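Listed below are the residues making up each chain.
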Amino acid sequence: MMPSGPIELSRNQAFINGVWCGADDGASFAVLNPATGEQLAALLTLEQGKPLAESRVEIAYAASFLEWYGEEGKRVYGDVIPPHRADNRIVVSKQPVGVCAGITPWNFPSAMVTRKAAPALGAGCTMVLKPAEQTPLSALAIAALGEAAGLPPGVLSIVTTDAAGAPAIGAELTSNPTVRKLGFTGSTVVGKLLMAQCAANVQKVTLELGGNAPFIVMDDADLDAAIAGALVCKYRNTGQTCISANRIMVQDGVFDAFVERFTAGAKALTVGLGTETASMLGPLIDDQGLDKVEAHVADAIAKGATLHTGGARHALGQTFYQPTVLTGIAPEMAICNEETIGPVAGIMHFNNEEEVLRMANDTPYGLVAYFYSRDVGRIWRLSEGLEYGMIGINTGMISTEVAPFGGIKESGIGRYGSHQGIDEYLEAKYMCMGGIDA
Ligand code: NAP
């Protein structure tokens, strides 16, 4: 039962086995507001920087996983299988895998926590979770809510650290034999490292890693819808999502019109503090994020790209960057091969379906692809030909707790969301009973 008084959500200590505690050696680290550089003690918009309206959407999305897996736990069904011998009976039950670890990134400080913890707890597992250095406060607030709701001690623990401490915690979570599973969301490079560490104990993994999403606009697309979808898909969360459009590919027949109108849309976006209601884009998460965006833009321009708008830091200072549009993007540019994780749209053109499929699949990543078309045959051909775990067809928004979210190739293993999400935290146990006819 929830307590009647207010719940203290602003926490600055780890939550381990039901106890709020500091580091043994008294160490601490600062959590900075990327918009102002101050210390702070508040939640999502303040620690991550995204506009308040987006934070509200994320909180609802985060809560949706708790509701979904609270229900899904009731449907962890097993099987009764017709046996291979008359004197046998075969039953398969599902059991929780046990103690699970979670490691989450900074771009969705609440939703990435519940996307892991909710299916784990719904399946009957416990979880020790390490949030990102930049955004531990939202994870601690979720733990405070769990505590207030009566979660038994140790069911959900949150271990916080700065980046320097992350490898040691990762090493413990992947080598301690008590931990049977790791759920990780973050970069492909760290995901590969953790997967290798998990191999020593054959620890299970679910990995949600980086993407390099193509966003394809065919000649027959509804251009208004494609432009609106591309703007949201590119600039939501200031371009800092794993499913942000990274390579926008537009067919020759609509290329000029698309670039002109998309650029006008990008120019109209309001950049500002996440706490101001007019803001549509907040700051980048930190200086490294800003450095990467600047490097991608400089590299593209040096290799021949054309700048249509933006291309520089925003007058607001700190880590604010202008919404940027580039054309003439080519395969040798960094922007074409790595996630920019920022508000930079790189637009390429193509001539036909075969060519765009080849371009879109020319990456080791396979998280999400988007395309706009109104031709039914083309919709099926592209959907089946794109080597991605998720496909957005005539939409730039695909995230929901009811669908399986995840990637193929170097974008990950396993799925979160839908009924598939809970299977990630369950073991199938086969029981063969003999001697029935004796
Ligand atoms: P990151 O550097 O891989 O960090 C992610 C998490 O891993 C953080 O908690 C980080 O801790 C931790 N970490 C880093 N090195 C570690 C180590 N050696 N051992 C254990 N933990 C370690 O990723 P990021 O740059 O913060 O996040 C952005 C990335 O996440 C992008 O690639 C984005 O596409 C991806 N992402 C993917 C999805 C998806 O669903 N596929 C969703 C969201 C984001 P510290 O913060 O303390 O360093």
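The rules behind each value
- Residues numbered from 1 in each chain as written.
- Predicted model: local features only at pLDDT ≥ 70, side-chain atom pairs only at ≥ 80, totals over all residues.
- Heavy atoms only, no water.
- Pairing = 2+ DSSP bridges.
- Helix = DSSP H or I, 4+ residues; strand = E, 2+ residues; numbered from the N terminus.
- Axes fitted to C-alpha atoms, helices over the stretch in contact; angles between N-to-C directions.
- Salt bridge = Lys/Arg side-chain N within 4 Å of Asp/Glu carboxyl O.
- Core = buried A, V, L, I, M, F, W, Y, C linked by side-chain atoms within 4.5 Å.
- Buried < 20%, exposed > 50% of the residue type's maximum accessible area, 1.4 Å probe, protein only.
- Contact = heavy atoms within 4.5 Å.
- Near = heavy atom within 4 Å.
- Polar contact = N/O pair within 3.5 Å; in protein donor to acceptor, adjacent residues only side chain to side chain.
- Areas by Shrake-Rupley, 256 points an atom, 1.4 Å probe, with all protein chains shown as cover.
- Nonpolar A, V, L, I, M, F, W, Y, C, P; charged D, E, K, R; others polar.

Participant: Before we move on, can you summarise the sheet that holds strand β3 (residues 79-81) with the specific residues and values?
Facilitator: Pairing is antiparallel across the open sheet formed by three strands, whose spatial order is β3-β4-β20. The sheet is open, and its two borders are formed by β3 and β20 (426-433), each paired with just one other strand. Recorded for the sheet is a direction-independent mean angle of 20 degrees between the axes of neighbouring strands. Pairing of β3 with strand β4 (residues 89-96), which is carried by three bridges, proceeds in the antiparallel orientation. When the sheet's bridge partners are listed, D79 is paired in β4 with V92.

Participant: Lay out the pattern of salt bridges in plain terms, naming residues and giving numbers.
Facilitator: Inspection of every chain in the model, using the stated rule, returns 17 salt bridges. With its nearest N and O atoms 3.2 Å apart, the salt bridge here joins E71 to K74. When salt bridges with common partners are traced through the structure, they connect D220, E353, R378 and R381 into a single cluster.

Participant: Pulling in residues and values, what's your account of the nonpolar core?
Facilitator: Taken as a class, soluble globular proteins show a tendency for nonpolar side chains to be buried jointly. If you look at the biggest cluster of nonpolar residues, it comprises 36 residues, and the most contacted ones within it are F258 and F262. Listed by contribution, the elements that provide at least two residues to this core are β10 (213-217), α7 (223-235), β11 (245-251), α8 (252-267), β14 (344-350) and β16 (368-372). Contacts of F258, omitting those with residues within four sequence positions, involve V217, L223, A226, I227, A230, I248, V250 and I347. Core analysis: the second largest hydrophobic core is formed by 30 residues, C100, A123, L140 and I422 among them.

Participant: Go over the sheet that holds strand β17 (residues 390-393) with me, naming the residues and quoting the values.
Facilitator: Pairing is mixed across the open sheet formed by seven strands, whose spatial order is β12-β13-β14-β11-β10-β16-β17. Each having just a single partner strand, β12 (306-309) and β17 make up the two edges of the open sheet. Across the sheet, the mean angle from the axis of one strand to that of its neighbour is 25 degrees, orientation sign disregarded. In this structure, strand β13 (residues 324-327) lies alongside β14, joined through four bridges in parallel fashion. From the neighbouring strand, T324 faces β14, where its bridge partner is V344.

Participant: With reference to specific residues and values, describe the site of the ligand.
Facilitator: As a structural note, the neighbourhood of the ligand is formed by 32 residues, with T104, E133, S187, L209 and E339 the closest of them. Here E208 contributes a side-chain N or O atom positioned 3.2 Å from an oxygen atom of the ligand. Residue E339 places a side-chain N or O atom 2.5 Å away from an oxygen atom belonging to the ligand. A total of 910 Å² of accessible area belongs to the ligand in isolation, and the protein chains cover 89% of it. For the shell around the ligand, the per-class residue count stands at 18 nonpolar, eight polar and six charged.

Worth remembering: the numbers are spatial, not functional.
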